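Structural overview for review
Read off the chains here:
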Amino acid sequence: MDNAGTLGIVPVALTVQVTLATQRLEALLSTAERSLGQILAERVQAVVAAQRLGHYPALDFFEGHPDMDPALIVTAKALAAQIRKRVKREVQTQLWPVFSSVRIERATTLAFTLPRMTPAQPDALARLAQHYFPNTVRLELVLTTLDKQHRLEAAEEASSNKVVRNLREAFESVTVTATRRLNDTDSR
């Protein structure tokens with residue numbers, strides 16, 4: 001029988017989506033980069049309309065596409081990499097004091113995922129421009145915390161709350177999309 005007062009190490013896998021405020025990026029962005037999302041959205045809208053597609057493809061679809069300026073995709077990838085690096089550093093900085101360990105398993109820029117809107121929606125172009133600007137990143141984290149044995153069952157919710165509380169000052173938005181407690185063998 002476990003003693004309720006003993007300490008245990010709890011690994012938790014957590015997926016969080018963060019958006020870096022464009023105001024925080026202003027000093028780093030060129031004029032062309034500031035309007036990158038809008039320019040990409042307009043080009044994609046033209047291709048989608050010409051090909052009569054019922055959906056907006058992910059940006060990777062447009063690599064090598066004759067109607068897309070390759071420099072736009074290169075710029076989007078470079079800016080995404082720069083923002084991802086900044087987000088990862090900020091997440092590490094904010095979460096290290098709170099957890100025993102913080103490991104970033106994967107970081108994905110949402111601009112390169114399939115947009116969740118269709119051309120038929122009235123605000124599609126504005127939402128598409130927001131989607132294609134690479135300031136939203138999904139992070140898959142493995143966090144470990146040291147806690148009392150009787151609180152180990154609540155580790156997922158506690159970890160999620162700690163992440164939101166510690167990241168909300170650094171980012172425009174913070175959303176935890178998934179959590180699960182890991183076995184000791186899963187966290188390695």
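Before going into details, it helps to say that this report is about the structure given with it. The model shown is predicted, which means the values in this text are computed figures rather than measured ones. Counting starts from 1 at the beginning of each chain's written sequence and moves along it residue by residue. Only residues with pLDDT of 70 or above have their local features reported here, since the model is predicted, and side-chain atom pairs are shown and tallied only from 80 upward, although totals for entire chains, interfaces and linings are computed over all residues. Hydrogen atoms and water are omitted, and side-chain values are computed over all heavy atoms in the structure.

Check the secondary structure of the protein chain and you find six helices and four strands. Over its C-alpha atoms, taken along the principal directions, the protein chain stretches across nearly 70 × 35 × 30 Å. Exposure categories follow from relative accessible area, calculated using a 1.4 Å probe and restricted to protein chains: below 20% of the type maximum is buried, above 50% is exposed, and the middle band is partly exposed. Residue burial in the protein chain is summarised as follows: out of 188 residues, 40% are buried. Working rule for contacts: check all heavy atoms of both residues, and any pair within 4.5 Å makes them a contact. Considering only contacts in the protein chain between residues 6 or more positions apart, those separated by 24 or more positions represent 83%. For the accessible areas, the method is Shrake-Rupley and the probe is 1.4 Å, while residue cover comes only from the protein chains on display. Summing over all exposed atoms, the protein chain offers an accessible surface of approximately 10400 Å²; the carbon and sulfur share of this is 49%. His is not counted, nor are the chain ends, whereas Lys and Arg count as positive and Asp and Glu as negative. One atom stands in for each charge, and that atom is NZ of Lys, CZ of Arg, CG of Asp or CD of Glu. Charged side chains in the protein chain number 23 positive and 20 negative. The centres of these two groups are separated by 3 Å. Each helix is a run of H or I in the DSSP string that is no shorter than four residues. Each strand is a run of E no shorter than two, and both are numbered from the N terminus.

For a helix, the expected span equals 1.5 Å multiplied by the residue count minus one. Between its first and last C-alpha atoms helix H6 (residues 155-167) spans 18 Å; for 13 residues at 1.5 Å apiece the expected length is 18 Å, and the two agree. Among the residues of H6, Ala155, Ser159, Ser160, Val163 and Leu167 are the ones counted as buried. Across the axial projection of H6, the buried residues extend over an arc of 130°, all falling on one side. Think of the arc as the fan of directions from the helix axis to the C-beta atoms.

Position of Ser160 among the secondary structure elements: in helix H6. Discounting chain neighbours no more than four positions away, the residues touching Ser160 are Leu14, Val176 and Thr179.

Quick look at the pattern of salt bridges now. One side chain can pair with another of opposite charge once the charged atoms of both are near each other. Just to be clear on terms, a salt bridge is a Lys or Arg side-chain nitrogen sitting within 4 Å of an Asp or Glu carboxyl oxygen. Counted according to the given criterion, the structure contains five salt bridges. The closest approach of N and O atoms between Glu63 and Lys77, which form a salt bridge, is 3.0 Å. On the criterion of sequence distance, the pair formed by Glu63 in the loop between helix H3 (36-51) and helix H4 (70-95) and Lys77 in helix H4 is long-range, its members being 14 residues apart. Residue Glu63 is classed as partly exposed on the basis of its relative accessible area, which comes to 43%. Of the charged contacts in the structure, one is a salt bridge between Glu140 and Arg106, with a shortest N-O distance of 3.7 Å. Note that Glu140 is positioned in strand S3 (residues 136-148) and Arg106 in strand S2 (residues 101-109), a separation of 34 residues in sequence.

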